[in-house]
Amino acid sequence: RPRPPGQPCRLPVLPASSPAAMAKPADASKAAAPKTAAPARQPGSSDSAQEADAKVREAPKKKSMWRGLLTGGANSMVVLVLFWSVYVANTFRGILWPKFPEMDPVTHSFVTKHQNIFREGDRLKAKLWVDKSAWPNKKPPLAEFEFDYEWEGFKTVSRTVNASITDAQLVKGENMLLSAEVLHEKSGRVVRAKGGLVKAMATPEVRLKYRLLSGAQCPEEPEPGFGNKGTHIARGIPMMQVRLVFDDTAYPTPWARSPWTPPLFVDEFWLTNDQLVKLNHTGANIWESQVQFELMGVARWRFQQHMERSLEQNAKIWGEDSEEMLQMRDLFANTNPYLLVVTLVVSVLHMLFEFLAFKNDVEFFQDCDPETLNKYISVQSIVVGIFMQILLLLYLWDESANLLVLVTSLVGVFVDVWKVQRAMKVEWGKLFGIVPIPTLVSKVNREKADNFDGIAMKWLGLILAPGILGYAGYTLVYDCHKSWYSYFFFVSSSCVYSLGFVLMTPQVFINYKHKSVAYLPWKKFVYRAISTFIDDLFALIIRMPTMHRLSCFRDDIVFFIYLYQRQIYKVDKSRTFDEDGFEITGSVPGEEKKQK
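This one's a predicted model, so the numbers in the text were calculated from it and none came from an experiment.

**Examining a nonpolar patch on the surface**
Item 1. Residues L213, Y474, V477, Y478 and W484 make up a contiguous nonpolar surface patch of about 600 Å² in total accessible area.
Item 2. At 3 residues, helix α10 (residues 452–478) tops the list of elements feeding residues into the nonpolar patch.
Item 3. With respect to the helices and strands, Y474 occurs in helix α10.
Item 4. Classification of Y474 by relative accessible area gives partly exposed; the value is 48%.

**Here we look at the sheet that holds strand β4 (residues 157–166)**
Item 1. Read across the open sheet, the 4 strands follow the order β4-β13-β9-β11; overall the sheet is mixed. With one partner strand each, in any of the chains shown, β4 and β11 (264–267) form the two edges of the open sheet. If you compare each strand with its neighbour and ignore which way they point, the axes differ by 25 degrees on average.
Item 2. Pairing geometry for strand β9 (residues 239–246) and β11, over 4 bridges, is antiparallel. Residue pairing across strands places Q241 opposite D267, the latter belonging to β11.

**Things to note about the state of the cysteines**
Item 1. Taken as a whole, this structure holds 1 disulfide when the rule is applied.
Item 2. Here C218 pairs with C480 through a disulfide, and the sulfurs are 1.8 Å apart. On the S-S bond that ties C218 to C480, the torsion sits near -95 degrees, and the link is left-handed. Of this pair, C218 sits in the loop between β7 (198–202) and β8 (232–236) while C480 sits in the loop between α10 and α11 (484–499), placing them 262 residues apart in sequence.
Item 3. On the accessibility criterion, C218 (13% relative accessible area) is buried.

**Topic: the packing of α10 against helix α12 (residues 505–514)**
Item 1. Close contact between α10 and α12 brings their axes to 9 Å; oriented N to C, the two are set at 135 degrees. As the angle between them shows, α10 and α12 are arranged oblique. Like other packed secondary-structure pairs, α10 and α12 cross with a definite hand, here right-handed. Across from F452, D453, I455, A456, M457 and L460 in α10, the residues of α12 making contact are T505, P506, F509, I510, K513 and H514.

**So, α12**
Residue pairs spaced three or four apart in an α-helix point in one direction, given the helix's 3.6 residues per turn.
Item 1. Those residues of α12 lying buried are P506, Q507, V508, I510, N511 and H514.
Item 2. The positive-phi residue at the C-terminal boundary of α12 is K515, with phi of around 55 degrees.

**Notes on unusual backbone geometry**
Item 1. Across the junction of T253 and P254, the peptide omega takes the value 10 degrees, indicating a cis bond.
Item 2. For P254, the position within the fold is in the loop between β10 (251–252) and β11.
Item 3. Positive phi outside glycine occurs at H108, with the angle close to 60 degrees.
Item 4. Its place among the elements puts H108 in the loop between α2 (46–96) and β1 (113–114).
Item 5. With relative accessibility at 61%, the residue H108 sits in the exposed group.
Item 6. One non-glycine residue, W135, lies in positive phi territory at about 50 degrees.

**As for the pattern of salt bridges**
It is possible for side chains bearing opposite charge to pair when their charged atoms get close.
Item 1. Using the criterion set out here, one finds 12 salt bridges in the structure.
Item 2. For E294, the salt bridge identified is with R243, shortest N-O distance 2.8 Å. Remark: R243 occurs in strand β9 and E294 occurs in strand β13 (residues 284–297); sequence separation between them is 51 residues.
Item 3. It is possible to trace a salt-bridge network through shared partners that takes in R123, E146 and D148.

**Observations concerning a negative patch on the surface**
Item 1. A surface patch of negative charge is lined by E120, E150, E152 and D248.
Item 2. Structurally, E150 can be placed in the loop between β3 (143–148) and β4.
Item 3. On the basis of relative accessible area, E150 is assigned to the partly exposed category, the value being 33%.

**Section: the pairing of β3**
Item 1. Alternating residues of β3 divide into A143, F145 and F147, all buried, and E144, E146 and D148, none buried.
Item 2. Where strand β2 (residues 123–131) lies against β3, 6 bridges are found, and the strand directions are antiparallel. The partner of L128 across the bridge, within β3, is A143.

**Brief notes about the environment of G195**
Item 1. Mapped onto the elements, G195 comes out in strand β6 (residues 190–196).
Item 2. Given the relative accessible area of 10%, G195 is considered buried.
Item 3. Sequence-distant contacts of G195, defined by excluding residues within four places in its chain, comprise M176, L177, L178, M240 and V266.

**A look at the confidence of the model for the chain**
Item 1. For the chain, per-residue confidence averages 74 on the pLDDT scale, and 71% of positions sit at 70 or higher.
Item 2. Low confidence marks residues 52–61, where pLDDT is under 50. Its contacts with residues over four positions away, or in another chain, come to 1 contact.
Item 3. The low-confidence segment residues 577–582, where pLDDT is below 50, has 26 contacts with residues more than four positions distant or belonging to other chains.

About the cut-offs
- Residues numbered from 1 in each chain as written.
- Predicted model: local features only at pLDDT ≥ 70, side-chain atom pairs only at ≥ 80, totals over all residues.
- Heavy atoms only, no water.
- Patch = residues over 30% accessible without salt bridge, like charges linked within 9 Å, V, L, I, M, F, W, Y side chains within 5 Å.
- Areas by Shrake-Rupley, 256 points an atom, 1.4 Å probe, with all protein chains shown as cover.
- Salt bridge = Lys/Arg side-chain N within 4 Å of Asp/Glu carboxyl O.
- Helix = DSSP H or I, 4+ residues; strand = E, 2+ residues; numbered from the N terminus.
- Buried < 20%, exposed > 50% of the residue type's maximum accessible area, 1.4 Å probe, protein only.
- Pairing = 2+ DSSP bridges.
- Axes fitted to C-alpha atoms, helices over the stretch in contact; angles between N-to-C directions.
- Disulfide = S-S within 2.5 Å.
- Parallel < 35°, antiparallel > 145°, perpendicular 65-115°, else oblique.
- Left-handed = near helix turned anticlockwise from the far one by under 90°.
- Contact = heavy atoms within 4.5 Å.
- Lys, Arg positive; Asp, Glu negative; His and termini not counted.
- Charge placed at Lys NZ, Arg CZ, Asp CG, Glu CD.
- pLDDT = per-residue confidence, 0-100.

Written as structure tokens, this is what we have:
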């Protein structure tokens, strides 16, 4: 029979190999006969029937209005992101490669520009010292060498020094200094720079940990303080980089008011806390530090100066020693410039594809009825995923994670809750016949044998339970934790972190049992897959734990399984009826407008 108009989530043409496709059209139409019967209208019920018909007519309009708002908002957001990206790119182009006018627009005369005193090819002489004081003329330098001020062909000069400092010097706030001096032989001009081999950083919060079974406190060696105020600790720097900027740009006023010399500085932009050397309280601290002297391009120097100012502003929001700040600093300082540009571009694409995936996911669940969702979509995986996200939220809260990260995760939980309520409802039951507990049940009646989602989740739980219990026991015996509360969320988050991808496997089982992937939200999957591939790029260049880096590649495997299922479960386009025996008229949502 013809499909009723306005029915959501149109049933697709099933693969010829699916069990439903094996049924004969005549049998299917007989099976569907009871569905065509409509109850007779009773006398006196015309008003209620008219009201019901009016509600039916209004439903498509409301859905059309909602879809129009969602689509319009999504398209507007994509356009705004693209315009924002162009604006940011143009801003950075102006920062890295500024252009200065040749003519004064007021006086119509040539603008006076000032050149670098260090001209390309000039001979320079450099000296490096490591001592308690800067530029000690009476002490022989660590390195003394000559070089030409040329970008092409310059070779990095490297020396190794055994730095040492005592606990008494650290208490007084004393430091070992690396000082550098570059002499321009033609003009006699000298540029200097200095930096400490010991970095003072804010004292991190120390939270005591215990072995929960015995109650014994886990020993943790304190780090020496820097200064007598007790607000900072000291750590050694394993590598010092002295950079001389190569710049042949002519600057007008006010950028330069006379011939100028290029900046020479000790570069600590690349440093992150995990690269520093921990010191101790016992006697002298000795560590090996490598000293390098090299040229830096002017575009990268301008970029680094801009990012230093931006990081200082962001540190007030994120925190100076937050994981977000460390990752940003490591990305900008230790990534090849060309790869960094590619990373910035794909970051914008990642944001667009994630948003489009979210939009198509919401549209899919809005259009599908509960029967379709319960039959062809692994709703129980979404329910388990909600509990996993809540556990991660509590773990991040316990670890004092950034508020923005918590809010973003919370929004994802709310969206998944909305998706679940499209297919399931909450009913109250009683535990042991006494304690009332909420339970989730399907909005449609289903045969137990056809509950492929429940079967997949059952076997998945039986397979994973021994490994989870074993890991929980191991970390309880051998690792230290702050409390039982912290231990529970640590184990839960670790399991979610390493095994979260397995929640995608029940959908693979459902596809296998139905021999069909026609109901899957393929637009959402494609957008999410592209975002996952971009995550793979980030996994190669961004500092992160090894387990997280591996998890970025595991999701790709499941998506390729989806693609394989899409390939083997062919669609029989010659069929004129669906699995319920209903005639397929060929109209799909969106085509009626085109026909009009």
